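Survey of secondary and tertiary structure
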Amino acid sequence: MPAVYARTLYTGKPNEVLHDIYVVFEDKIINITKERPKCDILAEGIVTPAFIDAHCHIGMARSGEPSAEEETNEKMDSVNTLADAINAIYFDDRAFKESVEYGVLYSCVLPGSGNIIGGRGVVIRNFADNVEEAFIKHAGFKVALGFNPRRQLEWKGTRPSTRMGVMAILRRTLIKAKKEYALVQKGKKSIEEVDPNIEQLFPVIEGKEVLRVHVHKNDDILNLLKLRREFNLKIVIDHACDVNSEKVFQRIKEEGVPLVYGPVDAFPYKTELKNETWHNIRKLVRVKPLFGLMTDHPVVLQRNLFLQLRFFRRFGMSKSECISIITSANARILGINDTLGTIERGKLASIIVWNGDPFSLDSYPIMVIAEGKVVYKA
């Protein structure tokens, strides 16, 4: 039963910082104490929880492979509810190793945004050897609004050419799922008679499974919130990079919809992002809906997840608040906060030990511990 010594411990909770303390663990955290425990002290330094990337494509778009070989989007149709990201992840992607070295131990991997419904997302362990060991849980269905799904006219299946076409296909799919679900509930149709693509959406209609929606622009977000109310959907907004209005962030907050923001350091390569700027983060920080942060790897390399926090720090968030964005907030949004996201008794011992202040450019992880095992040592 080893321990690490924290000169400063950021627990992952906003505004909670402890000093001169030991974290004792096995696979889970056993104790957090001021008294030196009678066990091996593996490392000492500044300690944070392991980081969580709440939206990426690691293992699907793979380092060192031609772009034609990436597997983020399935082109057979615009609605693919049976597609599953776990079936397109390869753990020989060397980006996993780099992520682990920088303390990013968990990922929500999603299909791309070329389809209206791209398939199911999955939360994985980056330090695993294969997909079987990596799997933690499914993370809802990837949905995309706006420019990306309407530009794929050369792909197979029914394809929209406008934003209203995107919404029309999505609404048609949800209406069909709602009607089929009602028929099954009333005993007028057996589950065996339902199209499997539609049956997959029954948990969405029941409000049990989330839609993780790629959306950038103010108006698309407001249309999405309207759709959410119409179908009583459980949603997470992903991206929102073009939002330059505090009113829209306020609407998101009022509706209690979580937001996975970013990626912050990406180039705005399309008209849909003409209002994207790091200055928009000031507005997000002022309003403070429930939000986490993504890399959208490989758009921003996952190893650089922490570096994006510099803007949130600049706009007034404390160091502990910033760290909470990529730990406890992301864990809460992904539904894994019962075991991850904070350093406290009973949580999994996934910990980063830094040689100095993580917000200093000359600091780096000297040890990364994943569920009680050392997976990296500088």
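Preceding this paragraph is the structure being described.
About the criteria used
Residues numbered from 1 in each chain as written. Predicted model: local features only at pLDDT ≥ 70, side-chain atom pairs only at ≥ 80, totals over all residues. Heavy atoms only, no water. Helix = DSSP H or I, 4+ residues; strand = E, 2+ residues; numbered from the N terminus. Rg over C-alpha atoms; globule rule 2.2 N^0.38 Å. Buried < 20%, exposed > 50% of the residue type's maximum accessible area, 1.4 Å probe, protein only. Contact = heavy atoms within 4.5 Å. Areas by Shrake-Rupley, 256 points an atom, 1.4 Å probe, with all protein chains shown as cover. Pairing = 2+ DSSP bridges. Lys, Arg positive; Asp, Glu negative; His and termini not counted. Salt bridge = Lys/Arg side-chain N within 4 Å of Asp/Glu carboxyl O. Axes fitted to C-alpha atoms, helices over the stretch in contact; angles between N-to-C directions. 1 Å grid on protein atoms, 1.4 Å probe; cavity = no way out; pocket = protein on both sides within 12 Å on 5 of 7 lines; lining within 4 Å. Points joined across faces, edges and corners; volume = space filled by probe spheres on them. Nonpolar A, V, L, I, M, F, W, Y, C, P; charged D, E, K, R; others polar. Phe/Tyr/Trp six-rings, centres within 6.5 Å; stacked < 30°, edge-to-face > 60°. Lys NZ or Arg CZ within 6 Å of the ring centre and 35° of its normal.

What about the overall build of the chain?
The helix and strand inventory of the chain stands at 11 helices and 15 strands. What you see for the chain is a C-alpha radius of gyration of 21 Å, in line with the 21 Å of a compact globule of 378 residues. In terms of overall dimensions, the chain has C-alpha extents of about 65 × 45 × 45 Å along its principal axes. Counting all 378 residues of the chain, 56% fall into the buried class. Partitioning the intrachain contacts of the chain with sequence separation of at least 6 by distance along the chain shows that 68% fall at a separation of at least 24. Summed over all atoms, the accessible surface of the chain reaches about 16400 Å², with 48% contributed by carbon and sulfur.

Re the pairing of strand S4 (residues 41-49)
Pairing of strand S1 (residues 3-10) with S4, which is carried by six bridges, proceeds in the parallel orientation. Its bridge partner lying in S4, Leu 9 is registered against Val 47. Sheet topology places S4 next to strand S13 (residues 351-354); four bridges connect them, and they run antiparallel. Across the sheet, Thr 48 pairs through a bridge with Ile 352, a residue of S13.

Some thoughts on the side chain of Asp 84
Looking at the element boundaries, Asp 84 is found in the loop between strand S5 (51-56) and helix H1 (95-101). Despite being buried, Asp 84 has no salt bridge partner; Arg 120 is the closest side chain of opposite charge, sitting 5.1 Å away. When residues no more than four places from it in sequence are discounted, the contact partners of Asp 84 are Arg 120 and His 138.

Notes on the sheet that holds strand S10 (residues 235-239)
The eight strands lie next to each other as S5-S6-S7-S8-S9-S10-S11-S12, forming an open sheet whose pairing is mixed. Sheet topology places S5 and strand S12 (291-293) at the edges, where each strand pairs with a single neighbour. Strand after strand, the sheet turns through a mean of 25° between neighbouring axes, direction not considered. The pairing of strand S6 (residues 104-109) with strand S7 (residues 117-125) spans four bridges and is antiparallel.

So, the layout of surface pockets
Roughly 610 Å³ of internal volume is contained in the largest pocket. Taken together, 32 residues form the lining of the largest pocket, with Glu 70, Thr 72, Asn 73, Ser 113 and Arg 151 sitting closest to its centre. Residue composition of the lining of the largest pocket, grouped by class: 11 nonpolar, 13 polar and eight charged. Reported here for the second largest pocket is a volume of approximately 520 Å³.

A word on unusual backbone geometry
Pro 263 follows Gly 262 through a cis peptide bond whose omega is 5°. One can find Pro 263 in the loop between strand S11 (259-261) and helix H9 (280-287). Cis rather than trans, the peptide bond between His 297 and Pro 298 has omega equal to 15°. Residue position: Pro 298 is located in the loop between S12 and helix H10 (309-314). The phi torsion at Asn 15 lies on the positive side, around 65°, for a residue other than glycine. Inspection of the secondary structure assignment puts Asn 15 in the loop between S1 and strand S2 (17-25). The class for Asn 15 is exposed, based on a relative accessible area of 56%. Positioned with a positive phi, Lys 288 is a non-glycine residue whose angle comes to about 55°. Considering the arrangement of structural elements, one finds Lys 288 in the loop between H9 and S12.

Some points on the packing of aromatic side chains
Across all of its chains, the model carries 12 aromatic pairs by this definition. When the centroid spacing of 5.4 Å and the interplanar angle of 75° are considered together, the rings of Tyr 181 and Phe 202 count as edge-to-face. Highlighted residues: Tyr 181 in helix H4 (residues 163-185) and Phe 202 in helix H6 (residues 202-205), separated in sequence by 21 residues. An aromatic cluster is built from Phe 51, Phe 306, Trp 354 and Phe 359, whose rings are joined through pairwise contacts. In this structure, Arg 120 is placed above the aromatic ring of Phe 141, and the distance from its NZ or CZ to the ring centre is 5.7 Å.

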